[in-house]
Amino acid sequence: MPRYSAFRIFAEGLRGNRGWTPTWRKAAPKPAYDVIVVGGGGHGLATAFYLAEVHGIRNVAVLERGLIGQGNTGRNTTIVRSNYLLPENNRFYEKSLQLWEGLEQSLGYNVMMSQRGVVNLFHNDAQRNAAMRRGNSMRLGGIDAELLDRDGVRAMCPLIDLDNGRYPVMGGLVQRRGGTARHDAVAWGFAHAADARGVDIIEHCEVTGMLIEDGAIQGVQTTRGEIRAPKIGLAVAGHTTTLTDMAGIQVPIETHLLQAFVSESLKPMIDCVVTFGAGHFYISQSDKGGLVFGGGLDGYNSYGSRGTLREAEHVFAAGVSMIPALGRLRALRSWAGVMDMTPDGSPYICKTPIHGLYMTAGWCYGGFKATPGSGWCHAWTIAHDEPHPLNAAFTLDRLRQGRALDERGNGPYPWMQ
Amino acid sequence: MRIPCPHCGPRDEIEFSFRGDASACRPTPGAGPDAFYDYVYTRTNPRGWTLEWWQHASGCRAWLQVRRHTVTHEIGAVTPAGPGA
């Protein structure tokens, strides 16, 4: 296992950087494992890492149809936070944020975690009251939340147009422990640490079928042959239903698009994460200087991995309303992720009706911040064959039981969550 | 995307509002909780052709049943909503 340190960088510099080796092995599939994780994104790799690290289950394979980290892990806006209203959600996301805070030490890999603060702006009395309620709910759960007035917002991000004629800013709710992390490094870091603990990471291995006997999972068929395991965890985001269809079970998920954009590179101008309250828009600045921003869903089911101009126009309009200085910039790139949207906007980390088949799914457009928490809870659920109290509410049958976790109160419309 | 409205001709998607899955049919009032659960929550989520409701909200305001491909975004048959639709 290559170890990284300042000394190593110095020493390799003196040796012409010839000593660096790949950070994980390109494994070939074995005929059988104790656990197979389908999906080599952040959630799948984190599941494998925590299975090995916390539960001592090291005979694990992660199957990825392409290259690791090239699905939604590489298609997000890298924001990390735990500012939720419902106790079930804020407990889980707080666990995830705590894992983020120690992640670099756990993995031995720099994921460039930056707790630069996340501010949600509000523009009217009703939004202020909702922000106060959410902030109080967070504080009751032991999570940091702070209500800012206009001067507080101005101090955090002077570029915001507080006196916008149509949407004047009244204040904001800030979580100072929130921030951003480097998305690719998260996948690579989990791969690095999982591989070092014996996990096989198998790329270019697409699952094409499930082997199920007497209601229990036996293994999977893949483009690289049959691989058997008594326990299988799914972590495949927008493609969850493709796999659950193979297993013959139905899950309440629709697949939707979410776009994001990055501008040309600039000198530092926004040193926190800001979300607009009068339109769906959020922005931060990457360490390379590009402004990274996004909005809401395109609004209809799609597996297309590419957005349309309708939502792009809304995002740019909302951005320029909030920070007029953005009007001079050009967007350099845009991309879209394939989201597994649930009817109530909350995830599933749970057992399924097939014995031995587990899933972490339904992350809607908030999966990145959940990466370590999702992997941690999914690994627990796989290892113990029962959910941890932190993910006990994230079941597949909660909607049937009338226990929806609808953070926004939207009702059962995945495209509006 | 451009959706051919049967009343107004081909129009940009920006004029339309997505109104969800048109293959789900409301059960009869006495059908029981499982039938209503399926109606409200269960979706086939196809990677391919789907049948959807779209409303021409910024046009003639008609509700339309649209066949659309979820990977290519290609639009198939578009018919006005109505008895039998």
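Remember, predicted model here, so these are calculated numbers, not experimental data.

## Things to note about the overall build of chain A
Moving on, step 1. What chain A contains, in helices and strands, is ten helices and 19 strands.
Moving on, step 2. The C-alpha atoms of chain A give a radius of gyration of 21 Å, which matches the 22 Å a tight globule of 417 residues would have.
Moving on, step 3. Principal-axis analysis of the C-alpha atoms gives chain A an extent of 65 × 65 × 40 Å.
Moving on, step 4. Residues classed as buried in chain A amount to 52% of the 417 residues present.
Moving on, step 5. Considering only residue pairs separated by 6 or more positions, chain A has 75% of its internal contacts joining residues 24 or more positions apart.

## A short note on the interface of chain A and chain B
Moving on, step 1. With 21 residues of chain A at the interface, the matching set in chain B holds 16 residues.
Moving on, step 2. Contributing elements (two or more residues each) for the side of chain A that touches chain B: helix H8 (240–247), strand E13 (254–265) and strand E16 (290–301) of chain A.
Moving on, step 3. Take the side of chain A that touches chain B: its biggest share by element is three residues, from E16(A).
Moving on, step 4. By residue class, the composition of the side of chain A that touches chain B is nine nonpolar, nine polar and three charged.

## Regarding the pairing of strand E4 (residues 118–122) of chain A
Moving on, step 1. For E4(A), a buried count of five out of five residues is recorded, marking the element as mostly surrounded by other parts of the structure.
Moving on, step 2. Burial along E4(A) is two-sided: A:Val118, A:Asn120 and A:Phe122 and A:Val119 and A:Leu121, pointing in opposite directions, are all buried.

## Structural notes on the domain arrangement of chain A
All names here are of chain A.
Moving on, step 1. As far as domains go, chain A holds domain 1 (26–79 + 183–252 + 344–395 + 402–416) and domain 2 (113–177 + 254–341).
Moving on, step 2. Relative to domain 2, the C-alpha centre of domain 1 lies at a distance of 29 Å.
Moving on, step 3. Residue-level contacts link 18 residues of domain 1 with 23 residues of domain 2.
Moving on, step 4. Broken down by class, the residue content of the side of domain 1 that touches domain 2 amounts to eight nonpolar, nine polar and one charged.

## Topic: the environment of A:Gly238
Residue and element names in this part refer to chain A.
Moving on, step 1. Relative to the elements of secondary structure, Gly 238 occurs in the loop between strand E12 (231–234) and H8.
Moving on, step 2. Remark: the alpha-carbon pair of Gly 238 and Tyr 303, spanning 65 residues in sequence, is separated by 7.7 Å.
Moving on, step 3. Apart from the residues lying within four places of it in its own chain, the contact partners of Gly 238 are Thr 255, Tyr 303, Val 338, Met 339 and Asp 340.

## Thoughts on the sheet that holds strand E6 (residues 75–80) of chain B
Residue and element names in this part refer to chain B.
Moving on, step 1. The four strands are arranged E3-E4-E5-E6 in an open sheet whose pairing can be described as antiparallel. The sheet is open, and its two borders are formed by strand E3 (17–21) and E6, each paired with just one other strand. Between one strand axis and the next, the sheet turns through 30 degrees on average, direction left out of account.
Moving on, step 2. Summarising the sheet, strand E4 (residues 49–55) and strand E5 (residues 63–69) pair through seven bridges and their orientation is antiparallel.

## Focus on the confidence of the model for chain B
Moving on, step 1. Mean pLDDT for chain B: 93, with 98% of residues reaching 70 or above.
Moving on, step 2. At the level of chain-chain contacts, confidence expressed as ipTM amounts to 0.92, with global pTM at 0.95.

## Topic: the packing of helix H2 (residues 42–55) of chain A against helix H10 (residues 371–384) of chain A
All names here are of chain A.
Moving on, step 1. The N-to-C vectors of H2 and H10 enclose an angle of 55 degrees; their axes lie 7 Å apart at closest approach. The angle between the axes of H2 and H10 places the two elements in the oblique class. Like other packed secondary-structure pairs, H2 and H10 cross with a definite hand, here right-handed. Counting all contacts with H2, which are made through Gly 42, His 43, Ala 46, Thr 47, Phe 49, Tyr 50, Leu 51, Val 54 and His 55, the residues of H10 involved are Thr 371, Pro 372, Ser 374, Gly 375, Trp 376, His 378, Ala 379, Ile 382 and Ala 383.
Moving on, step 2. Of the residues belonging to the contact of H2 with H10, the class tally is ten nonpolar, eight polar and no charged.

What counts, and where the lines are drawn
Residues numbered from 1 in each chain as written. Chains lettered and ligands numbered in written order. Predicted model: local features only at pLDDT ≥ 70, side-chain atom pairs only at ≥ 80, totals over all residues. Helix = DSSP H or I, 4+ residues; strand = E, 2+ residues; numbered from the N terminus. Rg over C-alpha atoms; globule rule 2.2 N^0.38 Å. Buried ≥ 20, exposed ≤ 12 C-beta atoms within 10 Å, placed from the backbone. Contact = placed C-beta atoms within 7 Å. Nonpolar A, V, L, I, M, F, W, Y, C, P; charged D, E, K, R; others polar. Domains from an automatic or database assignment. Pairing = 2+ DSSP bridges. Axes fitted to C-alpha atoms, helices over the stretch in contact; angles between N-to-C directions. pLDDT = per-residue confidence, 0-100. Parallel < 35°, antiparallel > 145°, perpendicular 65-115°, else oblique. Left-handed = near helix turned anticlockwise from the far one by under 90°.

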